[in-house]
Amino acid sequence: MTNSNRFVMLDGLRGLAALAVLSFHAVVVTNYMYLDSFYLFVDFFFVLSGFVLQPSMPQSFEKFGRSSARFILQRILRFWPMLIAVTALTWAIYRVQQSDPDVWPDANYSDGNFRASFFLLQLFVASAIGMNWALWSLSAEWFGNLAYTPLTAVKRNIGIVAGIVLGYAALAYGLNTDKDFIGDSWSYGSGPIAHWEAFGRMMAEFGFGLLARKYLHKLEKVQNLWYLLGSIALTVVLFWSHGQLQGDYVYWTTYFAGPVFAFLVLQAAAINVSSEKWLGMGLGFLGKMSFGIYAYHVVLLMAYDHIVAAPVFPENPGSKLWRNYLLTKIVVVSLTAIVLAYYTNRLVESPIQRLGRRALKRL
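Given the structure is predicted, the values throughout are model-derived calculations rather than measurements.

Novice: I would appreciate a short explanation of the overall build of the protein in the present structure.
Specialist: Counting its regular elements, the protein contains 14 helices and zero strands. Taking 21 Å as the expected radius of gyration for a compact globule of 363 residues, we find that the protein reaches 20 Å, a close match to that expectation. With the C-alpha coordinates aligned to their principal axes, the bounding extent of the protein is approximately 60 × 45 × 45 Å. Out of the 363 residues belonging to the protein, those deemed buried represent 52%. Contacts spanning at least 24 positions in sequence make up 76% of the contacts within the protein whose residues lie at least 6 apart. Summed over all atoms, the accessible surface of the protein reaches about 17400 Å², with 66% contributed by carbon and sulfur. Averaging the coordinates of the 28 positive side-chain charges in the protein and doing the same for the 20 negative ones gives two points 17 Å apart.

Quick look at the structure:
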């Protein structure tokens, strides 16, 4: 069983998770609470990222400078080619919207916030999140990657464990001190998407992904159908529990997301899907487009809202009109995001990354 075959399922799950986050953002600002727990798919991304990136991170302090530089350059080549295209589209849509005299100026769309958004500074500049809600997680992952670069080189996984502990400490501190910003599901708060709570989510969950991959060969004995079903059951309970922990406890589910999703990723990694069969090719394509789907979808949702008028308020969760409106919105934005992701990959990402790989070879 080759690695390319082994992890095709994870590629597909990454793409499906991106579409799930898209659906969450399409619905979250309405009275439809059915997808409210889908914010947890971002936590799934953090765990999956740790699992996938672990082999490319520094494994020891021998030649640490070279291995860390290679890893950081790889992350730059992963993040910024897509950010160039997404930021340009965001700016263009903003200029078109603001040319409408009936549109009230949005203070979030400032030159400073554009710069902060492009350089993934949302952890520190929360107002920049308004440019593109989804990019906060890229900010958390970027700075989390930098923090873990020396930690993965520490022997006996002491550094990774320290990163997880630091993550939980930061998450707990943020959830308990940033309540005005976070809010809860009833008040449509922003959620733990900035400051210490965002950084903590990434550090804890990325660390669980790192450990799952590092001990993959030893954990193969717990990869079977029963454990797969168990991991799916735990994941369902995790999503269900969000609706049961409202008020001040609503985001406590993030404390459990790391180990639950690491268990799920471990089981999914054992599913052998051939990359040469139609299913494997579809999953692989979806995984390849996942980053573009994730980066573009908020901008496209904002544009859709500007072009297509929502049904007359008040919203009625039982209304067929509202269900059809939201489903249409999700489908249209999903397809548009996939098309944009595909052409951005061909015209922007791939050429820049080819040049980057040549530079990495020299390293």
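We are not done yet, so read on.
Novice: Would you explain the packing of aromatic side chains in this entry?
Specialist: Here a ring pair, both rings aromatic, is described through the centre-centre distance and the interplanar angle of the planes. The final tally for this structure, using the stated rule, is 30 aromatic pairs. Judged by centre distance (6.3 Å) and plane angle (75 degrees), the rings of Tyr-168 and Phe-208 are edge-to-face. On the criterion of sequence distance, the pair formed by Tyr-168 in helix α7 (residues 158-177) and Phe-208 in helix α9 (residues 195-214) is long-range, its members being 40 residues apart. The exposure class assigned to Phe-208 is partly exposed, which follows from its relative accessible area of 21%. Members of the aromatic cluster, connected to one another through ring pairs, are Phe-38, Phe-41, Phe-44, Phe-239 and Phe-261. In this structure, Arg-75 packs its charged tip against the face of Phe-79, placed 4.9 Å from the ring centre. A cation sits over an aromatic face here: Arg-213 above Phe-51, 5.3 Å from the ring centre.

Novice: It is not clear to me how a nonpolar patch on the surface should be interpreted in this structure. Could you clarify?
Specialist: A cluster of nonpolar side chains, contributed by Leu-225, Trp-226, Leu-229, Ile-232 and Val-236, occupies part of the molecular surface with about 570 Å² of accessible area. Examined against the element boundaries, Ile-232 turns out to sit in helix α11 (residues 225-244). The exposure class assigned to Ile-232 is partly exposed, which follows from its relative accessible area of 40%.

Novice: Just to check I follow, could you spell out the environment of Asn-132 for this structure?
Specialist: Of note, Asn-132 is situated in the loop between α5 (111-118) and α6 (135-151). For the pair formed by Asn-132 and Gln-267, sequence separation is 135 residues and the distance between their alpha carbons is 33 Å. Beyond its immediate sequence surroundings of up to four residues, Asn-132 is in contact with Val-86, Ala-295, Val-298 and Val-299.

Novice: Whenever I open this one, the nonpolar core confuses me. Can you help?
Specialist: Generally speaking, a soluble globular protein has its nonpolar side chains buried in company with each other. Formed by 102 residues in total, the largest nonpolar core has its most connected members in Leu-10, Phe-51, Phe-79, Trp-136, Tyr-148 and Phe-261. Sorting elements by how many residues they give to this core places helix α13 (residues 278-307) first, with 14 residues. With near-sequence residues (within four places) excluded, Phe-261 lies in contact with Leu-40, Asp-43, Phe-44, Val-47, Thr-235, Leu-238 and Phe-239.

Novice: When you look at the packing of helix α3 (residues 40-53) against helix α12 (residues 253-268) in this model, what are you seeing that I'm missing?
Specialist: Each pair of packed helices gets described by two things: the angle between the helix axes and the distance between those axes. Where α3 contacts α12, the two axes come as close as 9 Å, and the packing angle between them is 50 degrees. The angle between α3 and α12 falls in the class oblique. α12 is crossed by α3, and the crossing has right-handed handedness. Here Leu-40, Asp-43, Phe-44, Val-47, Leu-48 and Phe-51 of α3 come into contact with α12, specifically with Thr-253, Thr-254, Ala-257, Gly-258, Phe-261, Ala-262, Leu-264 and Val-265. The residue makeup of the contact of α3 with α12, split by class, is ten nonpolar, three polar and one charged.

Novice: I keep staring at α13 and nothing clicks. Help me out?
Specialist: Structural remark: α-helix, 3.6 residues per turn; residues separated by three or four positions point the same way. Here α13 contains 30 residues, and its C-alpha end-to-end distance of 36 Å is more than 12% below the 44 Å for a straight helix at 1.5 Å per residue. By the largest-angle criterion, Met-289 marks the main kink of α13, which is about 45 degrees.

Novice: Is there a simple way to explain the confidence of the model for the protein in this structure?
Specialist: Low pLDDT means the predicted coordinates in that region are not meant to be read closely. Per-residue pLDDT for the protein averages 89, and the proportion of residues at 70 or more is 94%. This stretch, residues 1-5, has a pLDDT under 50; its non-local contacts, to residues over four places away or in other chains, come to eight contacts.

Novice: I would appreciate a short explanation of the pattern of salt bridges in the present structure.
Specialist: Should their charged atoms come close, side chains of opposite charge can pair. Here the structure, examined in full by the defined rule, presents five salt bridges. Between Asp-43 and Arg-201 there is a salt bridge, with the nearest N and O atoms lying 2.6 Å from each other. Placement of Asp-43 in helix α3 and of Arg-201 in helix α9 is noted, with a sequence separation of 158 residues between them. As far as burial versus exposure is concerned, Asp-43 and Arg-201 are alike and both buried.

Novice: Please explain the side chain of Thr-149 as it appears in this structure.
Specialist: As for its position among the elements, Thr-149 is in helix α6. Residue classification places Thr-149 among the buried residues on the basis of a relative accessible area of 4%. Engagement of the side chain of Thr-149 in a polar contact is seen with the backbone oxygen of Asn-145, the distance being 2.7 Å.

Novice: Hey, could you run me through α6 in this one?
Specialist: An ideal rise of 1.5 Å per residue puts 24 Å on 17 residues; α6 measures up with 24 Å between its terminal C-alpha atoms. The element α6 is extensively covered by neighbouring structure, given that twelve of its 17 residues are classed as buried. Those residues of α6 that sit buried are Leu-135, Trp-136, Ser-137, Leu-138, Ser-139, Ala-140, Glu-141, Trp-142, Gly-144, Asn-145, Tyr-148 and Thr-149. Packing partners of the buried residues in α6 comprise α3, α4 (64-98), α5, α7, α9 and α13.

Rules of the game
- Residues numbered from 1 in each chain as written.
- Predicted model: local features only at pLDDT ≥ 70, side-chain atom pairs only at ≥ 80, totals over all residues.
- Heavy atoms only, no water.
- Helix = DSSP H or I, 4+ residues; strand = E, 2+ residues; numbered from the N terminus.
- Rg over C-alpha atoms; globule rule 2.2 N^0.38 Å.
- Buried < 20%, exposed > 50% of the residue type's maximum accessible area, 1.4 Å probe, protein only.
- Contact = heavy atoms within 4.5 Å.
- Areas by Shrake-Rupley, 256 points an atom, 1.4 Å probe, with all protein chains shown as cover.
- Lys, Arg positive; Asp, Glu negative; His and termini not counted.
- Charge placed at Lys NZ, Arg CZ, Asp CG, Glu CD.
- Phe/Tyr/Trp six-rings, centres within 6.5 Å; stacked < 30°, edge-to-face > 60°.
- Lys NZ or Arg CZ within 6 Å of the ring centre and 35° of its normal.
- Patch = residues over 30% accessible without salt bridge, like charges linked within 9 Å, V, L, I, M, F, W, Y side chains within 5 Å.
- Salt bridge = Lys/Arg side-chain N within 4 Å of Asp/Glu carboxyl O.
- Core = buried A, V, L, I, M, F, W, Y, C linked by side-chain atoms within 4.5 Å.
- Axes fitted to C-alpha atoms, helices over the stretch in contact; angles between N-to-C directions.
- Parallel < 35°, antiparallel > 145°, perpendicular 65-115°, else oblique.
- Left-handed = near helix turned anticlockwise from the far one by under 90°.
- Nonpolar A, V, L, I, M, F, W, Y, C, P; charged D, E, K, R; others polar.
- Expected span 1.5 Å × (residues − 1).
- Bend = angle between axes of the 7 residues up to and from the residue.
- pLDDT = per-residue confidence, 0-100.
- Polar contact = N/O pair within 3.5 Å; in protein donor to acceptor, adjacent residues only side chain to side chain.

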